[in-house]
Amino acid sequence: MIVVTFALPAESSAFIGSLKNVRRDGPVVRGDLQHRTSNIQHPTSNIQVLHTGVGAKECENRLQEFLRREKPQLLIASGFCGGTKDELHPGDLVIADDASDLSKKARAILPGAVVGKIHSANRIIDPAADRYEIGREQGAIAIDMETETIARLCAEKSIPLLALRVVSDSPAAPFPMPPSVLFDIKKQRTNFFLLLSYIARNPPSAIRLARFEKQIARAKWKLAHALCAVIRGVCHPEPRTLSG
């Protein structure tokens, strides 16, 4: 059984769409990923998608509860991350830099991915100046809010971990409006009244939001494709890679 974590269903929808026999149980979605080699269908992988929520506290509570019941063979920490450099663009894949066999295999399967440190912050980082500073101070190429918590819990239970994320935004491609308007971490959801009020006061932000949603959609599909390639490559290695 392989577990793939995402903070929110909005991040996982494209990957879940790649699964067969999908069953939903609260924050967990179960399904099967088919494997094919040389047009011959292989047994499927049992996939469980866990939505951890946004932030370390929510993530720790949900993942701890899940790991009391389950012991996965592999856990992939996935979802969106923010870039700390102008060179990173929405849709770029990021693999956390470590010396594990899983990381090495993922790099071979995804040669176009960027490899480096993913720093987990205690808030959504904005503006660009703060991202540059974290990049310099932490030696990080990307920022999220859950990977370090997931890594610690997996290490405590000796669960192999791979962190594979996709860039949703960067200093060169910022959020279309303040993060507090886009998402309320305390309530773990978007406050649509606040969002619509902001757009009413700042009409041009509606155009920026529409562009942002398009880049997010493309990033989700690229991540889903990469996750399927990595899972298939780990379970049934093939002499080919996914480039780009």
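Since we're looking at a predicted model, the values are computed, not measured.

**Describing the overall build of the protein**
For the protein, the helix and strand inventory stands at eight helices and 10 strands. Against the 2.2 N^0.38 benchmark of 18 Å for 244 residues, the protein shows a C-alpha radius of gyration of 18 Å, consistent with a compact globule. Based on the C-alpha atoms only, the size of the protein along its principal axes is roughly 55 × 35 × 35 Å. Residue burial in the protein is summarised as follows: out of 244 residues, 50% are buried. Within the protein, contacts between residues at least 6 apart in sequence are counted, and of these 70% link residues at least 24 apart. With an accessible surface of roughly 12000 Å², the protein has 53% of that area assigned to carbon and sulfur atoms. Measuring between centres, the 33 positive side-chain charges of the protein sit 5 Å from its 25 negative side-chain charges.

**Re the packing of aromatic side chains**
Across all of its chains, the model carries two aromatic pairs by this definition. Between F6 and F15, the aromatic rings sit 6.1 Å apart at their centres with planes inclined by 35 degrees, giving tilted as the arrangement. The exposure classification of F6 matches that of F15, with both residues buried. Ring centres of F175 and F212 lie 6.0 Å apart, and the angle between their planes is 65 degrees; on these two criteria the pair is classed as edge-to-face. Taken together, the residues F175 in the loop between β10 (161-169) and α6 (179-182) and F212 in helix α8 (residues 204-235) connect sequence positions 37 residues apart. In this pair, the class of F175 matches that of F212, namely buried.

**Structural notes on the packing of helix α3 (residues 101-109) against α8**
Running from amino to carboxyl end, α3 crosses α8 at an angle of 120 degrees, the nearest separation of the two axes being 10 Å. In terms of axis orientation, α3 runs oblique to α8. Crossing hand, α3 versus α8: right-handed. Taking contact as the criterion, the partners of L102, A106 and I109 in α3 are, on α8, A229, V230, G233 and V234.

**Structural notes on the pattern of salt bridges**
Scanning the model with the defined rule gives 11 salt bridges in all. The partner of R23 in a salt bridge is D32, with the nearest N and O atoms 3.9 Å apart. Given the relative accessible area of 15%, D32 is considered buried. One salt bridge connects R107 with D97, and the closest N-O pair in it is separated by 3.1 Å. Here the residue R107 occupies a position in helix α3, and D97 occupies one in the loop between β7 (93-96) and α3, the gap between them amounting to 10 residues. Given a relative accessible area of 28%, R107 falls into the partly exposed group. On the accessibility criterion, D97 (52% relative accessible area) is exposed.

**Considerations on helix α2 (residues 56-69)**
For α2, which comprises 14 residues, the first-to-last C-alpha distance of 20 Å matches the rise-based estimate of 20 Å (1.5 Å per residue) to within 8%. Those residues of α2 that fall on the buried side of the exposure criterion are C59, L63, F66 and L67. Buried residues of α2 fall within an arc of 95 degrees about the axis and therefore sit on the same side. Facing away from the buried surface of α2 by more than 90 degrees, the exposed residues are K57 and R68.

**What to know about the nonpolar core**
Counting residues in hydrophobic clusters, the biggest one holds 43 residues, and the most contacted among them are V4, F15, I47, L110 and L164. Residue contributions to this core peak at 12 residues, all from α8. Counting residues in hydrophobic clusters, the runner-up holds 24 residues, among them V28, L75, L153 and L161.

**Focus on the pairing of strand β1 (residues 2-6)**
Successive side chains on a regular strand alternate, one facing one side of the sheet and the next facing the other. Taken across its five residues, β1 has five buried, putting it largely inside the fold. Of the two faces of β1, both are covered, the one formed by I2, V4 and F6 as well as the one formed by V3 and T5. Where β1 and strand β5 (residues 74-77) come together, four bridges link them in parallel fashion. Along β5, the bridge assignment pairs I2 with L74.

**A look at helix α5 (residues 147-156)**
Here α5 has its buried residues at T147, T149, I150, L153 and C154. Looking down the long axis of α5, one finds its buried residues gathered within 160 degrees of arc, a one-sided arrangement. Of the exposed residues in α5, those oriented more than 90 degrees away from the buried face are A155 and E156. Lining the buried residues of α5 we find β1, α2, β5, β8 (114-120), β9 (140-144) and β10.

Rules of the game
Residues numbered from 1 in each chain as written. Predicted model: local features only at pLDDT ≥ 70, side-chain atom pairs only at ≥ 80, totals over all residues. Heavy atoms only, no water. Helix = DSSP H or I, 4+ residues; strand = E, 2+ residues; numbered from the N terminus. Rg over C-alpha atoms; globule rule 2.2 N^0.38 Å. Buried < 20%, exposed > 50% of the residue type's maximum accessible area, 1.4 Å probe, protein only. Contact = heavy atoms within 4.5 Å. Areas by Shrake-Rupley, 256 points an atom, 1.4 Å probe, with all protein chains shown as cover. Lys, Arg positive; Asp, Glu negative; His and termini not counted. Charge placed at Lys NZ, Arg CZ, Asp CG, Glu CD. Phe/Tyr/Trp six-rings, centres within 6.5 Å; stacked < 30°, edge-to-face > 60°. Axes fitted to C-alpha atoms, helices over the stretch in contact; angles between N-to-C directions. Parallel < 35°, antiparallel > 145°, perpendicular 65-115°, else oblique. Left-handed = near helix turned anticlockwise from the far one by under 90°. Salt bridge = Lys/Arg side-chain N within 4 Å of Asp/Glu carboxyl O. Expected span 1.5 Å × (residues − 1). Arc of directions from axis to C-beta. Core = buried A, V, L, I, M, F, W, Y, C linked by side-chain atoms within 4.5 Å. Pairing = 2+ DSSP bridges.

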